[in-house]
Amino acid sequence: MERLQKILAGAGVASRRKCEELILSGQVQVNGETVTTLGAKADPGTDVITVRGKRIQGERKLYLMLNKPKGVITSAKDPQGRKIVSDFLPGIKERVYPVGRLDYDTEGLLLLTNDGEFANLLTHPSHHVPKTYLATVKGVPHGSALEKLQKGIKLEDGMTAPAEVEYHDVDPDKKQATISITIYEGRNRQVRRMFDAISHPVVRLKRIKFGDLNLQQLQRGKYRHLTEQEIRDLLAAAAKTHKIQK
Ligand code: URA
């Protein structure tokens, strides 16, 4: 539920102030009833809202995937003037929000949407949608160290849930290795902290998968709209409860 004047302004009827005037002057109806109070709320998804008898169109829902470069922050604004994700969304006038975060130095698959319910479903801690990263780390961790990550490792905010961990690439002179890691949680800087805990700090981190969705050919710094099928698959992944044992 949202305030009526916000819904009207968001649908491009007029400015918020002008929309308030429309309400006060009795020109707005919700489900056939004229509403003249400014505190009134409605659900733009289900209520029929009309202005002088004409039904308004809600803001179009957007579901985007961006291949975020490193050195970009996922917030809407940055007081320090660094690059923000919306700099990489030419042609998108609507305000979209990241579904979960990627650190400033992390690159890869970032979902963005203006559908709050979709974002909540995918990031809710109880839904455990898998996310896969390629982590390039200093040195080559032993199998026993990776096993610790697989089983769960103690971090300052508690044990991590079991993860899937595999060698992806090992540098021939053994100075670094790239490990593929799938986690089912979304704690702050989780992958970096997990590798810190086995003394193999991350030097490069890229998210390559969110649920079953992967970056495929999407170039760094580019975005695309998700297909209907991809949106449905993500919602199905969120609905499926993955068992995690702690
Ligand atoms: N884990 C991290 O450490 N950083 C990210 O950006 C995402 C997961």
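No experiment lies behind these values; they were computed from the predicted model shown. (Residues numbered from 1 in each chain as written. Predicted model: local features only at pLDDT ≥ 70, side-chain atom pairs only at ≥ 80, totals over all residues. Heavy atoms only, no water.)

1. Things to note about the sheet that holds strand β3 (residues 33–34)
One open sheet holds the four strands; their spatial order is β3-β2-β5-β6, and the pairing between them is antiparallel. In this open sheet, the two edge strands, each paired with only one partner strand, are β3 and β6 (54–55). (Pairing = 2+ DSSP bridges. Helix = DSSP H or I, 4+ residues; strand = E, 2+ residues; numbered from the N terminus.)

2. Quick word on the pattern of salt bridges
Enumeration according to the criterion identifies 13 salt bridges in this entry. Measuring nitrogen to oxygen at the nearest pair gives 3.4 Å for the salt bridge that ties Arg220 to Glu107. Pair noted here: Arg220 is in the loop between β16 (213–214) and β17 (223–225) and Glu107 is in strand β9 (residues 106–113), with a separation of 113 residues, a long-range link. Relative accessible area serves as the criterion here: at 54%, Arg220 is assigned to the exposed category. For Glu147, the salt bridge is made with Lys151, and the minimal N-O distance between the two is 3.5 Å. On the criterion of helical spacing, the pair formed by Glu147 and Lys151 is a turn pair, its members being four residues apart in helix α4 (residues 143–151). Salt bridges here are not isolated pairs; linked through shared partners, they connect Asp157, Glu185, Arg187 and Arg193. (Salt bridge = Lys/Arg side-chain N within 4 Å of Asp/Glu carboxyl O. Buried < 20%, exposed > 50% of the residue type's maximum accessible area, 1.4 Å probe, protein only.)

3. Some details on the side chain of His127
Secondary-structure assignment places His127 in the loop between α3 (116–123) and β10 (131–138). Engagement of the side chain of His127 in a polar contact is seen with the backbone oxygen of Leu121, the distance being 2.8 Å. (Polar contact = N/O pair within 3.5 Å; in protein donor to acceptor, adjacent residues only side chain to side chain.)

4. Quick look at the pairing of strand β7 (residues 63–68)
Buried residues dominate β7, accounting for six of its six residues. In the sheet, β7 pairs with β9 via six bridges, with the strands oriented antiparallel. When the sheet's bridge partners are listed, Lys68 is paired in β9 with Gly108. One ladder, built from three bridges, connects β7 with β17; its direction is antiparallel. Pairing of Met65 across the sheet is with Arg224, part of β17.

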